[in-house]
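# Structural characterization, general
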Amino acid sequence: MWISELSEEDLDQAAALEQDCFGSQAWSRQALADAVINENALYLVMKEEAAYAPFQAAGQVLVGYCGVWLSFEEGEIMNVAVRKEFRQRGCAGRLMQELLSRAKERGASRFILEVREGNFPAIRLYESLGFERAGIRKNFYSDPKENALILLKEI
């Protein structure tokens, strides 16, 4: 598996994964395409070569992706998604570590994100990467309605 920046050729698989992971709150393919060309956004994908994948007969399979929007020294983590069959293998952790490293190279020293209060695997991941709880956004998510934990990390 390898990590690279999200590109135009990745958009169909990224949008399908986004829909699978986030349903009615998924970003559109166009929103992801806009991120590819925005100099303030950094999106990374993890891929592997596969003989068979749900989206293609052979070739590169998009395992997961994550993104951050940068503003001065702050980075807001926007999306983190990994295919179900690749979860619990460290893929999200590797993607996030690379994202934080590359964002730091661009000048970010503080990161913020929201996560569903009941998404315990994601919360464990973020806390293992040094994110700390900073607050709650009441009823931030819909479908189903749920609070968001606000997590911060200083580098």
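Preceding this section is the structure that the text describes.
Report follows, based on the coordinates. Quick caveat: nothing in here was measured; it's all calculated off a predicted structure. (Residues numbered from 1 in each chain as written. Predicted model: local features only at pLDDT ≥ 70, side-chain atom pairs only at ≥ 80, totals over all residues. Heavy atoms only, no water.)

The helix and strand inventory of the protein chain stands at four helices and seven strands. When the helices and strands of the protein chain are read in sequence order from the N terminus, they spell out β-α-α-β-β-β-α-β-α-β-β. The C-alpha atoms of the protein chain give 15 Å as radius of gyration, which agrees with the globular expectation for 155 residues (15 Å, within 12%). With the C-alpha coordinates aligned to their principal axes, the bounding extent of the protein chain is approximately 45 × 35 × 30 Å. Taking all 155 residues of the protein chain together, 42% fall into the buried category. For the protein chain, the share of sequence-separated contacts (at least 6 apart) that also reach a separation of at least 24 residues comes to 61%. Split by element, the accessible area of the protein chain, about 8,300 Å² in all, is 48% carbon and sulfur. (Helix = DSSP H or I, 4+ residues; strand = E, 2+ residues; numbered from the N terminus. Rg over C-alpha atoms; globule rule 2.2 N^0.38 Å. Buried < 20%, exposed > 50% of the residue type's maximum accessible area, 1.4 Å probe, protein only. Contact = heavy atoms within 4.5 Å. Areas by Shrake-Rupley, 256 points an atom, 1.4 Å probe, with all protein chains shown as cover.)

Per the counting criterion, the structure on display carries three aromatic pairs. Centre to centre, the rings of Trp27 and Tyr43 are 6.2 Å apart; their planes meet at 50°, and the pair counts as tilted. With Trp27 in the loop between α1 (11-22) and α2 (29-37) and Tyr43 in strand β2 (residues 41-50), this pair connects stretches of sequence that are 16 residues apart. Residue Trp27 is classed as partly exposed on the basis of its relative accessible area, which comes to 24%. Measuring from ring centre to ring centre gives 5.0 Å for Phe140 and Tyr141, while their planes differ by 90°; the resulting arrangement is edge-to-face. (Phe/Tyr/Trp six-rings, centres within 6.5 Å; stacked < 30°, edge-to-face > 60°.)

Our focus in this paragraph is unusual backbone geometry. The omega torsion of the bond from Asp143 to Pro144 falls at 0°, within 30 degrees of zero and hence cis. Positioned with a positive phi, Phe72 is a non-glycine residue whose angle comes to about 55°. Positionally, Phe72 belongs in the loop between β3 (59-71) and β4 (74-82).

To continue, consider the side chain of Glu114. Take Glu114: it is sitting in strand β5 (residues 110-116). Of the residues examined, Glu114 reaches a relative accessible area of 19% and is grouped as buried. At a separation of 2.9 Å, a polar atom in the side chain of Glu114 contacts the side chain of Arg137. (Polar contact = N/O pair within 3.5 Å; in protein donor to acceptor, adjacent residues only side chain to side chain.)

For any two helices packed against each other, one specifies the crossing angle of their axes together with the interaxial distance. One can describe the packing of α1 onto α2 by two numbers: an axis separation of 9 Å at closest approach and a directional angle of 125°. Considered as vectors, α1 and α2 are oriented oblique to each other. Considering the relative orientation of α1 and α2, their crossing is right-handed. Note on element contacts: α2 touches α1 through Arg29, Leu32, Ala33 and Val36, opposite Leu11, Asp12, Ala14 and Ala15. Its residues assigned to classes, the contact of α1 with α2 shows six nonpolar, no polar and two charged. (Axes fitted to C-alpha atoms, helices over the stretch in contact; angles between N-to-C directions. Parallel < 35°, antiparallel > 145°, perpendicular 65-115°, else oblique. Left-handed = near helix turned anticlockwise from the far one by under 90°. Nonpolar A, V, L, I, M, F, W, Y, C, P; charged D, E, K, R; others polar.)

An order of β1-β2-β3-β4-β5-β7-β6 is seen for the seven strands of this open sheet, with the pairing classed as mixed. One side of each edge strand has no neighbouring strand; the edge strands of this open sheet are β1 (2-5) and β6 (132-141). Averaged over all adjacent pairs, the angle separating strand axes in this sheet is 25°, with direction ignored. With eight bridges joining them, β3 and β4 adopt antiparallel strand pairing. Its bridge partner being in β4, Val68 is matched across the sheet by Ile77. Contacting β4, β5, β6 and β7 (146-154), helix α4 (residues 120-128) runs over the sheet at an angle of about 165° to β5. (Pairing = 2+ DSSP bridges.)

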